[in-house]
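Summary of the model geometry
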Amino acid sequence: MLYTSTRNNKIRVSAAQAIAQGISEEGGLFVPVEFPQFNLEKISSMVPMSYIDRAKTVLREYLTDFSEDELSYCVEGAYSAEKFSSPKIAPTVNIYGNKNILELWHGPTCAFKDMALQLLPYLMTVSAKKTADGKTIVILVATSGDTGKAALEGFKNVDNTKILVFYPVDGVSPMQKLQMTTQEGNNVAVCAINGNFDDAQSAVKSIFTNDEIKAELAGKNMMFSSANSINWGRLVPQIVYYFSTYCDLVEQGRISLGDDINVVVPTGNFGNILAGYYAKKMGLPIKTLVCASNTNNVLTDFLTTGTYDKNRAFYATSSPSMDILISSNLERLLYHVSGNDDSLISDLMNKLVTDGKYTVSDKLIGDIKAEFGAGYTVESSVDETIKGHFESYHYLCDTHTAVAVKVYDEYVKDTGDDIPTVIDSTASPYKFSKSVLTAICGETPELNEFDMVDELNRISGVEVPASLANLKNKTVRFRDVCNKEDMSEMVFKLLEL
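What comes next concerns the included structure. (Residues numbered from 1 in each chain as written. Predicted model: local features only at pLDDT ≥ 70, side-chain atom pairs only at ≥ 80, totals over all residues. Heavy atoms only, no water.)

Here helix α20 (residues 449–460) spans 16 Å end to end across 12 residues, near enough to the 16 Å set by a 1.5 Å rise per residue. Buried residues along α20 sit against α8 (174–181), α17 (379–393), α19 (433–441) and α21 (466–469). Where α20 starts, the residue carrying a side-chain oxygen 3.0 Å from the main-chain nitrogen of Phe 450 turns out to be Asn 448. (Helix = DSSP H or I, 4+ residues; strand = E, 2+ residues; numbered from the N terminus. Expected span 1.5 Å × (residues − 1). Contact = heavy atoms within 4.5 Å. Polar contact = N/O pair within 3.5 Å; in protein donor to acceptor, adjacent residues only side chain to side chain.)

Time to look at the environment of Tyr 73. Inspection of the secondary structure puts Tyr 73 in helix α4 (residues 68–78). Accessibility expressed as a relative area gives 44% for Tyr 73, which makes it partly exposed. Sequence separation between Tyr 73 and Leu 495 is 422 residues; the distance between their C-alpha atoms is 29 Å. Ignoring anything within four residues of it in the chain, the contact list for Tyr 73 reads Tyr 122 and Val 126. (Buried < 20%, exposed > 50% of the residue type's maximum accessible area, 1.4 Å probe, protein only.)

Let us look at the packing of aromatic side chains. Counted by the stated rule, this structure contains 17 aromatic pairs. Centre to centre, the rings of Phe 38 and Phe 243 are 5.1 Å apart; their planes meet at 50°, and the pair counts as tilted. Pair noted here: Phe 38 is in the loop between β3 (30–32) and α2 (40–46) and Phe 243 is in helix α11 (residues 232–251), with a separation of 205 residues, a long-range link. By relative accessible area, Phe 38 is classed as buried at 3%. The buried category is assigned to Phe 243, whose relative accessible area is 0%. Judged by centre distance (5.8 Å) and plane angle (55°), the ring pair of Trp 232 and Tyr 278 falls under tilted. (Phe/Tyr/Trp six-rings, centres within 6.5 Å; stacked < 30°, edge-to-face > 60°.)

As a general feature of sheets, a regular strand has side chains that alternate between the two faces. Where strand β4 (residues 92–96) and strand β5 (residues 99–103) come together, 4 bridges link them in antiparallel fashion. Bridging from a neighbouring strand, Asn 94 pairs with Asn 100 of β5. (Pairing = 2+ DSSP bridges.)

Moving on: the nonpolar core. Residues Phe 166, Ile 239 and Leu 334 are the most contacted members of the largest nonpolar core, which totals 139 residues. With 12 residues, the top contributor of residues to this core is α11. Excluding anything up to four places from it in sequence, Phe 166 contacts Leu 140, Val 141, Ala 142, Thr 143, Cys 191, Ile 193, Cys 482, Met 487, Met 490, Val 491 and Leu 494. One finds Val 382, Leu 396, Val 436 and Val 453 within the second-largest nonpolar core, a separate group that totals 35 residues. (Core = buried A, V, L, I, M, F, W, Y, C linked by side-chain atoms within 4.5 Å.)

Okay, here's the thing in structure tokens:
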């Protein structure tokens, strides 16, 4: 299995090189040259497997330069029982009828990013030994909340790595901020920026491709890589849980092998739903991938009209991990659907930088619409959905999951497409206790963050994850704030260079 770049399809690199490097030299994203194919017989063989064995079965096809021992080291280390609160790792829970929730938040930071970021440090360590010649890898991360903590937790104290995380100062929940600023580890650093996630992400990508900065790091025997979903090593683990949830539905008797399902994903940077598209390209029977957005509905507009336009108001919502106007992984989808047209992708991405928008051809958006549905929901509907689902089914969901649930309900109403469906649940409700508690109670109680957690637990009876409960007694280590223009200087400061 070889990988190429969305902006230069003459490039061919191994999985290890794609993972260690993070992003291609010219700014393109690494994608597989071809997709391995899974027939129904192979999928059937995965049904009785544990999550770890399902992961090995999928990842083995993509990480062909990893030995069997290396693959086992990575997967077994990532998904060990002591790290995940559910023995299923990512359990599929039926709500009623054909509506099923894929709970992706049973890892150490209580967000779906753990599914990839518990594995990525292992992949990165093995890849670096193969390709990086003993260099220290500097992991540079922009986060809208969950990626930052999951990456920090995954990479803390990993040999020959340093990890720097930037987050929007007013763009994460209090619990997300506490998780990052209290992070332990001798190789971690965290800094807030005055701006939003798109500002942080754009600055990170600029630093990645800055030859002067890269040269200065090289002189210190260091190199950049990424833990954001622009890194193939972040994206490939996410393909696994779509195969796993399909196998769960077969195992539970909710579908028969070969039946189509729909998948609904609350989407910001487009990586999570793209992994579902990759699973479909491999042969998993997915009919429609429904892209669910909040008030920052740039993706809904694109998937409806074919015009991507980030020149719009930015809203800080109760689902901050989706407060994104530049969805980086959409570049990968455009590359595949356009027939691997790297010159087109370079042109579109340049237009996004210079004009803040681009429009694709009628054929291209038509081909995308054949695979994807799209919808968005306003803030008031998020609260109504959380309250309604809790009262009707005693199921407590966070704000991001509520966006997806509401969009799904509207999708079924509009289309009548009520086949068995999996809705990605991306975070524990306790990461957004104030919003969830307000939705259920109708008002914001005058309580601090941890008292809100306790009150939500009292009302719902849903167990509080230990990793969140234990934050109460942790010391804040990181208080730096910088402007987006000063992030490159801050990188050197945090690296103590």
